[in-house]
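The chain contents come next:
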Amino acid sequence: MKVNPDFFPLTQMAQRFVDQLAQCRRLGLTVLEASEHHVLIELPYSTELIGYPDTGVIHGGVITTLMDTACGSAVVSAIFQKYQSLEISPTLDLRVDYMKPAQPHKSVYGFAECYKLSSNIAFTRAIAYQDSIDDPIAHAVGSFMRISPEMVGDAFRQALIGEAVPPLGETNELK
């Protein structure tokens with residue numbers, strides 16, 4: 001899938017963030033869109049993810065990982081866009097309400113937004129769906145701790161920005 005960087009300028013950075021997480025690489029998560037307002041991630045169906053062998057339904061824990069990752073990616077994107085910096089933002093709380101099982105043999109999409117950034121906490125909401133966002137599999141709300149940009153290691157910063165690491169206090173522009 002081609003992504004238009006004019007419409008979704010943070011997609012590559014969000015994908016690099018997701019790729020830093022071993023469980024996300026194993027699940028095959030792909031960031032389809034990322035902006036300062038939202039992130040859309042695809043979870044492809046795989047028989048390795050089945051939680052109920054008789055039905056072929058994906059395990060609920062995989063959906064939770066999708067939601068947590070989408071929310072976390074939305075936080076990273078929102079902070080980067082607003083402050084032109086990266087922060088470590090671990091999950092403080094994530095509530096996932098399941099409404100129905102995912103249909104077998106179909107991708108699941110996680111749409112998330114970071115709707116509030118306070119000085120210490122980022123607040124998110126997300127929807128997991130297959131055919132239509134109006135027919136959700138699950139809803140989630142989460143809060144993420146904001147940890148100072150100075151706590152971000154050089155290797156992590158370089159992995160997300162994709163360029164040489166700038167000195168502390170300076171930023172790279174995302175290309």
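Coordinates for the structure precede this section.
Computed from a predicted model, the values in this text were never measured in an experiment.

## Points about the overall build of the protein
In step 1: Each helix and strand in the protein was counted, giving four helices and eight strands.
In step 2: In sequence order, the protein lays out its α and β elements as α-α-β-β-β-β-α-β-β-β-β-α.
In step 3: Across the 175 residues of the protein, 41% fall into the buried class.
In step 4: Nonlocal contacts in the protein, meaning residues at least 24 apart in sequence, comprise 61% of its contacts between residues at least 6 apart.
In step 5: Looking at the protein as shown, the accessible area adds up to about 9,200 Å², and 52% of this sits on carbon and sulfur atoms.

## Quick notes on the pairing of strand S8 (residues 138–145)
Note on strand geometry: in a regular strand, side chains alternate between the two faces of the sheet.
In step 1: The pairing of strand S5 (residues 91–98) with S8 spans seven bridges and is antiparallel. Considered in S8, the bridge of Tyr98 is made with Ala138.
In step 2: Of the strand pairs in this sheet, strand S7 (residues 121–129) and S8 are connected by eight bridges, and their pairing is antiparallel. Paired with Ile121 across the bridge in S8 is Met145.

## A closer look at the side chain of Thr69
In step 1: The residue Thr69 is located in helix H3 (residues 60–83) in this model.
In step 2: Sequence-distant contacts of Thr69, defined by excluding residues within four places in its chain, comprise Val18, Leu21, Cys24, Leu29 and Ile41.

## Some remarks on the state of the cysteines
Two cysteines whose sulfur atoms are joined by a covalent bond form what is called a disulfide.
In step 1: Enumeration over the complete set of coordinates arrives at zero disulfides.
In step 2: Cys114 takes part in no disulfide bond, and the closest cysteine sulfur to it belongs to Cys71, at a distance of 9.0 Å.
In step 3: Residue classification places Cys114 among the buried residues on the basis of a relative accessible area of 10%.

## Remarks on H3
In step 1: For H3, with 24 residues, the first-to-last C-alpha span of 35 Å sits near the 34 Å given by 1.5 Å per residue.
In step 2: Backbone geometry just downstream of H3 places Gln84 in the positive-phi region, at approximately 55°.

## Some details on the sheet that holds S5
In step 1: The sheet built from six strands is open, its strands ordered S1-S2-S6-S7-S8-S5 with antiparallel pairing. For this open sheet the edge positions go to strand S1 (30–34) and S5, each flanked by a neighbour on one side alone. Put simply, the sheet's adjacent strands are angled 20° from each other on average, direction ignored.
In step 2: In the packing of helix H1 (residues 11–19) onto the sheet, the strands contacted are S1 and strand S2 (39–43), and the crossing angle to S1 comes to about 145°.
In step 3: H3 rests against S1, S2, S5, strand S6 (108–117), S7 and S8 of the sheet, and its axis sits at about 40° to S6.

## Side note on the packing of aromatic side chains
In step 1: Inspection of the entire model under this criterion finds one aromatic pair.
In step 2: It is Arg125 that lies over the ring of Tyr115; its NZ or CZ is 4.0 Å from the centre.

## Let's talk about the pattern of salt bridges
In step 1: Within the structure shown, the criterion is met by six salt bridges.
In step 2: When the shortest N-O distance is used, the salt bridge between Lys100 and Asp135 registers 2.7 Å. Of the two residues, Lys100 is situated in the loop between S5 and S6 and Asp135 in the loop between S7 and S8; the sequence distance between them amounts to 35 residues.
In step 3: For Lys100, a relative accessible area of 28% gives the class partly exposed.
In step 4: Close ionic contact of Glu113 with Arg125 constitutes a salt bridge, the shortest N to O distance being 2.6 Å. With Glu113 in strand S6 and Arg125 in strand S7, the pair connects residues that are twelve residues apart, well separated along the chain.
In step 5: Using a relative accessible area of 25% as the deciding quantity, one classes Glu113 as partly exposed.
In step 6: Classification of Arg125 by relative accessible area gives partly exposed; the value is 37%.

Calculation rules
- Residues numbered from 1 in each chain as written.
- Predicted model: local features only at pLDDT ≥ 70, side-chain atom pairs only at ≥ 80, totals over all residues.
- Heavy atoms only, no water.
- Helix = DSSP H or I, 4+ residues; strand = E, 2+ residues; numbered from the N terminus.
- Buried < 20%, exposed > 50% of the residue type's maximum accessible area, 1.4 Å probe, protein only.
- Contact = heavy atoms within 4.5 Å.
- Areas by Shrake-Rupley, 256 points an atom, 1.4 Å probe, with all protein chains shown as cover.
- Pairing = 2+ DSSP bridges.
- Disulfide = S-S within 2.5 Å.
- Expected span 1.5 Å × (residues − 1).
- Axes fitted to C-alpha atoms, helices over the stretch in contact; angles between N-to-C directions.
- Phe/Tyr/Trp six-rings, centres within 6.5 Å; stacked < 30°, edge-to-face > 60°.
- Lys NZ or Arg CZ within 6 Å of the ring centre and 35° of its normal.
- Salt bridge = Lys/Arg side-chain N within 4 Å of Asp/Glu carboxyl O.

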